[in-house]
Amino acid sequence: MKRLFLWLGLGFALILYLLPVYVMVVNSFRDASNISLETIWQLPGKISIMGFSQAWSMLSPNLQNSLVMVIPAALLSSIIGALNGYVFSKWRFRGSEILFALLLFGFFIPYQAILLPLVRFLQWINLYGTLPGLVLTHVVYGISVTTLIFRNFYIHIPSSIVEAATVDGAGMIQAFWRVILPLSLPAFAVSLIFQFTNIWNDFLFGITVVPNPQAQPITIALNNLSGSFSVDWNVVMAGAILAALPTILIYIGLGKFFVRGLVSGAVKA
Amino acid sequence: MADKHWYTRHKGILILLPSLLLTAIFIYGFIGSSFFFSLTNWRTLAVDLSLRDPLWQTYAEMLAMPRFQADLRNTLVFTILFIGFAITIGLGLAILLDRQITGKGFFRNTFLFPYALSFIVTGVVWRWIFNPETGINLFFDILGINQALEAAGFDPLAPGWTTDPTIVFSVNQLLSHIWPSGNAFQIEWGIPVALIPVAIAATWQLSGFVMAMYLGGLGGISPHLRDAARIDGAGEFRLYRSVIIPMLNPITISTLIILIHVSLKIFDLVFSMSGVGPGFATDVPAIFVFEMMFKAARYNLGAAASIVMLVASSLIIVPYLMHTFKNRE
């Protein structure tokens with residue numbers, strides 16, 4: 001009896017969670033002639049990839065923008081985070097905890113509160129409306145969370161191995177390079193995945209820092225596509241799948257690190 | 001040795017220096033200038049940085065705007081609905097999966113996967129599901145509910161979802177009794193029906209995250225404790241209610257803080273799913289800020305609203321961070 005309730009509950013939840021996925025998939029493969037308000041729940045019948053080919057031709061420049069933006073931004077913010085986390089965990093000094101807290105606060109602010117000065121600043125250094133400007137923005141506002149991820153990882157590495165290295169005459173940087181960095185692979189995986197997902201899915205910075213459609217990331221282009229009345233919604237649904245695919249693939253392939261990242265992003269400071 | 005100490009200490013600061021400088025400018029400096037802009041006369045495309053007289057005039061104007069009042073109401077209602085749904089469902093799923101069953105990993109991964117999506121993807125899809133012309137409303141016909149209602153002489157079900165301007169459970173009457181100047185509110189204080197679908201979409205995206213947090217906590221509870229409680233005669237329900245859920249309190253608090261934080265600054269989901277809604281029924285402060293800064297060129301108003309958002313989330317986050325840091329020392 002208890003078993004039955006368990007499976008009923010899980011089955012019901014599964015259907016509800018997959019309902020939007022069903023809507024996305026069946027409608028993205030639907031033939032344009034078969035699209036109407038009544039058919040949203042029906043199987044596509046004749047499978048058509050017209051939705052995908054149209055979505056691809058409209059969105060591929062923006063997918064490329066997102067990729068060009070997310071890779072350097074995730075890499076740079078992770079590297080800076082690793083160095084910061086190393087100092088905050090292994091080379092603490094008086095006041096370093098307060099500095100860490102001040103840095104971490106940046107992860108929790110609503111970015112609206114820095115938006116206007118940010119846009120003016122980017123205009124001033126001539127990076128407004130450009131992908132490098134967006135990369136800079138994501139690196140700067142990513143530092144706090146990557147520092148947190150690496151600091152929480154390094155805290156569990158015994159300090160004695162850093163001390164041993166320094167007794168052997170290695171400096172702070174050498175110790176990092178020789179002893180800490182080789183151990184850091186899992187932390188880099190967590191940090192890179194966390195940053196990739198966050199930056200790929202970002203909308204606020206994309207829409208405010210880059211007003212010109214050709215240079216915009218995928219999330220903004222998808223939102224514009226969905227708001228335009230001249231586009232059939234097999235194209236919109238196919239576009240949504242294209243926009244979601246990179247993060248879904250990462251989730252499927254590297255789910256372990258993904259879960260670890262979201263739990264450490266949940267601040268166990 | 002003292003010299004070496006001095007050297008390494010400063011080397012540590014040297015490594016941190018770029019990040020600390022960037023934080024000082026891009027976080028604290030920019031917050032300061034946003035606050036400054038909110039006190040100025042800058043409300044057209046032409047930059048005017050003279051201070052307003054009285055200084056807080058922009059804040060007073062903003063609080064008197066029906067739209068901003070609606071935003072505050074919507075944030076409050078959305079936070080309560082979304083967090084109520086997400087915590088209940090997330091905890092429920094975690095408890096269902098807190099045992100050895102086949103397919104446990106599959107269920108967990110499916111419930112968590114919406115968290116990997118962008119709010120825009122979620123908004124684009126759920127917008128169609130809650131479109132009154134299609135989506136959910138077709139089920140009322142498919143399942144025969146509307147036919148049965150009509151046969152019984154009732155109107156068929158056809159909710160307007162995000163297009164419905166109705167405010168239910170209005171408390172304006174009540175407010176005017178306990179607070180005579182309550183008629184300063186130009187809006188109805190109640191639950192905007194149009195916000196419910198948005199809260200459901202947000203729950204779909206984040207309840208898996210809540211589940212993952214709770215599963216992490218449940219995994220840390222020793223099997224001996226469960227056995228001991230069972231030997232004492234506690235049934236499954238009592239076991240969870242009296243023993244396990246209280247032990248998960250720290251996780252509940254962290255999860256609540258994160259969800260409140262998401263909810264206070266929610267932007268993309270609402271923007272792509274319903275926009276400002278009928279009569280600002282789904283407008284939120286983040287959309288207000290965006291439109292004032294990037295559409296209406298009312299820079300001081302946008303800045304003032306962003307400062308209100310910052311203060312609201314700081315009231316939640318700062319005590320939490322201070323608590324976490326204090327506990328560690």
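Residues numbered from 1 in each chain as written. Chains lettered and ligands numbered in written order. Predicted model: local features only at pLDDT ≥ 70, side-chain atom pairs only at ≥ 80, totals over all residues.

All right, on to the overall build of chain A then. Regarding its fold elements, chain A presents 12 helices and zero strands. Along chain A, helices (α) and strands (β) appear in the sequence α-α-α-α-α-α-α-α-α-α-α-α when read from the amino end. Principal-axis analysis of the C-alpha atoms places the extent of chain A at approximately 75 × 65 × 30 Å. Partitioning the contacts of chain A with sequence separation of at least 6, the portion at a separation of at least 24 is 77%. (Helix = DSSP H or I, 4+ residues; strand = E, 2+ residues; numbered from the N terminus. Contact = placed C-beta atoms within 7 Å.)

Bringing the interface of chain B and chain A into the picture now. Counting residues at the interface gives 69 residues for chain B, matched by 66 residues for chain A. Ranked by the residues each element gives to the side of chain B that touches chain A, the list is headed by helix H1 (residues 2–38) of chain B, at 17 residues.

For the rest of this paragraph, the subject is unusual backbone geometry. Here the residue pair Asp53(B) and Pro54(B) is connected by a cis peptide bond, since its omega of -5 degrees sits within 30 degrees of zero. Topologically, Pro54(B) is positioned in the loop between H1 and helix H2 (57–64). Positioned with a positive phi, Asn126(A) is a non-glycine residue whose angle comes to about 65 degrees. Assignment of secondary structure puts Asn126(A) in the loop between helix H4 (112–124) and helix H5 (131–154). Even without a glycine there, the phi angle at Ala297(B) is positive, about 55 degrees.

Below, the discussion takes up the environment of Thr166(B). With respect to the helices and strands, Thr166(B) occurs in the loop between helix H7 (145–151) and strand S1 (167–168). The exposure class of Thr166(B) is partly exposed, given the 16 C-beta atoms found within 10 Å. (Buried ≥ 20, exposed ≤ 12 C-beta atoms within 10 Å, placed from the backbone.)

One finds Ala240(A), Tyr214(B) and Ala305(B) to be the most contacted residues of the largest nonpolar core, which totals 180 residues. For this core, the element with the most residues is helix H9 (residues 195–219) of chain B, which contributes 16 residues. Built from parts of two domains, this core gets at least three residues from each of domain 1 (1–31 + 42–48) and domain 2 (52–265) of chain A. Setting aside its immediate chain neighbours within four residues, Ala305(B) contacts Met62(B), Phe68(B), Pro285(B), Phe288(B), Val289(B) and Met292(B). (Core = buried A, V, L, I, M, F, W, Y, C linked by C-beta atoms within 7 Å. Domains from an automatic or database assignment.)

What follows covers the environment of Ser314(B). You can see Ser314(B) is positioned in helix H15 (residues 299–328). Through-space distance from the C-alpha of Ser314(B) to that of His261(B) is 9.2 Å; in sequence the pair is 53 residues apart.

Our next topic: the domain arrangement of chain A. Residue and element names in this part refer to chain A. What the domain assignment lists for chain A is domain 1 (1–31 + 42–48) and domain 2 (52–265). At the interface, four residues of domain 1 touch seven residues of domain 2. The class makeup of the residues in the side of domain 1 that touches domain 2 is one nonpolar, two polar and one charged. (Nonpolar A, V, L, I, M, F, W, Y, C, P; charged D, E, K, R; others polar.)

What follows deals with the packing of helix H6 (residues 159–167) of chain A against helix H7 (residues 172–180) of chain A. Residues and elements named next belong to chain A. The interhelical angle for the contact between H6 and H7, taken along N-to-C directions, is 125 degrees, at an axis separation of 10 Å. As the angle between them shows, H6 and H7 are arranged oblique. Where H6 crosses over H7, the two elements pack in a sense that is right-handed. Mapping the contact onto sequence places Ile-161, Val-162, Ala-165 and Thr-166 in H6 and Ala-175, Arg-178, Val-179 and Ile-180 in H7. Across the contact of H6 with H7, the residue classes tally to six nonpolar, one polar and one charged. (Axes fitted to C-alpha atoms, helices over the stretch in contact; angles between N-to-C directions. Parallel < 35°, antiparallel > 145°, perpendicular 65-115°, else oblique. Left-handed = near helix turned anticlockwise from the far one by under 90°.)

So, on to helix H1 (residues 2–28) of chain A. Residues and elements named next belong to chain A. Between its first and last C-alpha, H1 extends 39 Å over 27 residues, near the 39 Å set by a 1.5 Å rise per residue. The principal kink in H1, of about 40 degrees, is found at Leu-18, preceding the proline Pro-20 by one to four residues. Listing the buried residues of H1 in full gives Ala-13, Tyr-17, Pro-20, Val-23, Met-24, Asn-27 and Ser-28. (Expected span 1.5 Å × (residues − 1). Bend = angle between axes of the 7 residues up to and from the residue.)

How two helices pack is summed up by the angle between their axes together with the distance between the axes. Residue and element names in this part refer to chain A. Taken N-terminus to C-terminus, the directions of helix H8 (residues 185–201) and helix H11 (residues 233–253) make an angle of 160 degrees; their axes are 10 Å apart at the nearest point. The pairing of H8 with H11 is recorded here as roughly antiparallel in orientation. Two packed elements cross with a definite hand, and for H8 against H11 that hand is left-handed. For the pair H8 and H11, contact is made by Ile-193, Phe-196, Thr-197, Trp-200 and Asn-201 and by Pro-246, Thr-247 and Ile-250, respectively.

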